[in-house]
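If you want the building blocks of each chain, they are given just below.
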Amino acid sequence: MAQLILLRHGQSLWNASNRFTGWVDVPLSERGRAEATIASCKLRNYRVQVCFTSMLMRALETAVICLTECDEICGGKIPIIKHNADDPQWQGWDQYGGNVNDELPIIPSAALDERYYGNLQGLNKAETAEKYGEDQVYLWRRSFSERPPGGESLEDTMNRTVPFFKDRILAHIKQGENVLVSAHGNSLRSILMYLDHLSPEDVPQLELKTGVPIVYEIDAKGEVQSKVILND
Ligand SMILES: O=C(O)[C@@H](CO)OP(=O)(O)O
């Protein structure tokens, strides 16, 4: 049995100012860094062997804080970010001498990036609801299939997150390795939808808090055996 820890990044500067963010690469706020530190300390009795993140700074920052503040989660290994590891042009410039077993790889992938919010990116969420109506904005934000203007629906997002999750992340879990995934509200909602067998009618109610770890135990067949949310 292996553990999968899903972590929505800490509060970003645009979460704080209530703006649609999507693929805009906004860093964490001071509160977001504190949330990531608290998550790290909640996870001090857990151990992971590999970490996946999106390519966006707020998820990478959260992963690095989580792995380095209360660093017991690394089990004595050094976290090392594997930029471009999936790029066929990559020449291995960060290769080094020494024992690769001493490192805890952090693997960033665009497959885990937040849902693309298209023309809504940068707009204030409350002002957008006033302009287009609460119901329309709720559909854009929380329905499964409705696309925000020029952006991705949750279904579109799921079509890139879940294949990556099955091919790359579940492969580690099935071998008994514990994995930390640091990503986003909607990219993680799509993965939870898969893990928890949620229907398109169930998923609008699913809300993930920033910086709150969700721990799954998953067996060698990839079946979920338990789930716990590390709230306060
Ligand atoms: O702005 C975003 O990218 C997301 C996550 O913060 O917003 P929403 O709550 O609408 O999913």
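Residues numbered from 1 in each chain as written. Predicted model: local features only at pLDDT ≥ 70, side-chain atom pairs only at ≥ 80, totals over all residues. Heavy atoms only, no water.

Within the span of helix α5 (residues 134–142), buried status applies to Val137, Trp140 and Arg142. Along the long axis of α5, the arc covered by the buried residues comes to 165°, so they all point the same way. Looking at the buried side of α5, the elements it contacts are α4 (125–132) and α7 (185–195). (Buried < 20%, exposed > 50% of the residue type's maximum accessible area, 1.4 Å probe, protein only. Helix = DSSP H or I, 4+ residues; strand = E, 2+ residues; numbered from the N terminus. Arc of directions from axis to C-beta. Contact = heavy atoms within 4.5 Å.)

Next up on the list: the pattern of salt bridges. Counted by the stated rule, this structure contains eight salt bridges. The salt bridge involving arginine 31 is made with glutamate 35; its shortest N-O contact spans 3.0 Å. Within this pair, arginine 31 and its partner glutamate 35 are both found in helix α2 (residues 30–42), separated by four residues, close to a single helical turn. Of the charged contacts in the structure, one is a salt bridge between glutamate 207 and arginine 142, with a shortest N-O distance of 2.8 Å. Placement of the pair is glutamate 207 in the loop between α7 and β6 (213–218) and arginine 142 in helix α5, with a sequence separation of 65 residues. (Salt bridge = Lys/Arg side-chain N within 4 Å of Asp/Glu carboxyl O.)

In this section: the UniProt feature "active site" (unreviewed entry) in the chain. Under the UniProt annotation, "active site" (unreviewed entry) lies at His9 and Glu114. Across 106 residues, the annotated set stays spatially compact, with a maximum C-alpha separation of 10.6 Å. Here, the largest pocket is lined by His9 and Glu114 out of the annotated residues. Tracing the sequence through the fold places histidine 9 in the loop between β1 (2–8) and α1 (13–16). Residue histidine 9 is classed as buried on the basis of its relative accessible area, which comes to 2%. If near-sequence neighbours (up to four positions away) are discounted, histidine 9 is found in contact with Asn15, Leu28, Arg58, Ala59, Thr62, Ala183, His184, Thr210 and Gly211. Among the polar contacts listed, one links the side chain of histidine 9 to the side chain of arginine 58, at a separation of 3.4 Å. Within the secondary structure, glutamate 114 sits in the loop between β4 (103–108) and α4. In this structure glutamate 114 comes out as buried when scored by relative accessible area, which is 8%. Apart from residues lying up to four places away in sequence, glutamate 114 is in contact with Gly22, Trp23, Leu56, Arg58, Glu152, Arg160, His184, Gly185, Asn186 and Ser187. (UniProt positions renumbered as here; feature names shortened; annotations may be inferred. 1 Å grid on protein atoms, 1.4 Å probe; cavity = no way out; pocket = protein on both sides within 12 Å on 5 of 7 lines; lining within 4 Å. Polar contact = N/O pair within 3.5 Å; in protein donor to acceptor, adjacent residues only side chain to side chain.)

Moving on, we come to the nonpolar core. Ranked by size, the top nonpolar core spans 31 residues in total, and within it Leu4, Leu6, Phe52, Ile169 and Val181 carry the most contacts. Breaking this core down by element, the ones donating at least two residues are β1, β2 (50–53), α6 (154–174), β5 (179–183), α7 and β6. Tallying contributions element by element places α6 first for this core, with eight residues. Among residues more than four places away in sequence, those in contact with isoleucine 169 are Leu4, Phe52, Leu112, Phe164, Val179 and Val181. The next biggest cluster of nonpolar side chains, apart from the first, holds 18 residues, and it includes Ile5, Ile73, Cys74 and Leu104. (Core = buried A, V, L, I, M, F, W, Y, C linked by side-chain atoms within 4.5 Å.)

Per-chain confidence: the chain averages 97 in pLDDT, with 100% of residues scoring 70 or above. Scored by ipTM, the complex comes to 0.97, with pTM at 0.97. (pLDDT = per-residue confidence, 0-100.)

Although it is not a glycine, asparagine 18 adopts a positive phi angle of roughly 60°. With respect to the helices, strands and loops of the structure, asparagine 18 is situated in the loop between α1 and α2. You can call asparagine 18 partly exposed: its relative accessible area is 33%. Its identity is not glycine, yet histidine 197 carries a phi of approximately 55°, on the positive side. Structurally, histidine 197 is set in the loop between α7 and β6. The exposure class assigned to histidine 197 is exposed, which follows from its relative accessible area of 68%.

Now for the sheet that holds strand β3 (residues 78–81). The seven strands are arranged β3-β4-β2-β5-β1-β6-β7 in an open sheet whose pairing can be described as mixed. Whereas interior strands pair on both sides, the edge strands pair on one side only; in this sheet they are β3 and β7 (224–229). Taken pair by pair, the neighbouring strands of this sheet meet at an average axis angle of 20°, ignoring direction. Here β6 runs beside β7; their pairing, made up of five bridges, is antiparallel. Pairing of isoleucine 214 across the sheet is with isoleucine 229, part of β7. In this fold helix α3 (residues 57–68) packs onto β1, β2, β3, β4 and β5, with an angle of close to 140° to the strand it touches most, β5. (Pairing = 2+ DSSP bridges. Axes fitted to C-alpha atoms, helices over the stretch in contact; angles between N-to-C directions.)

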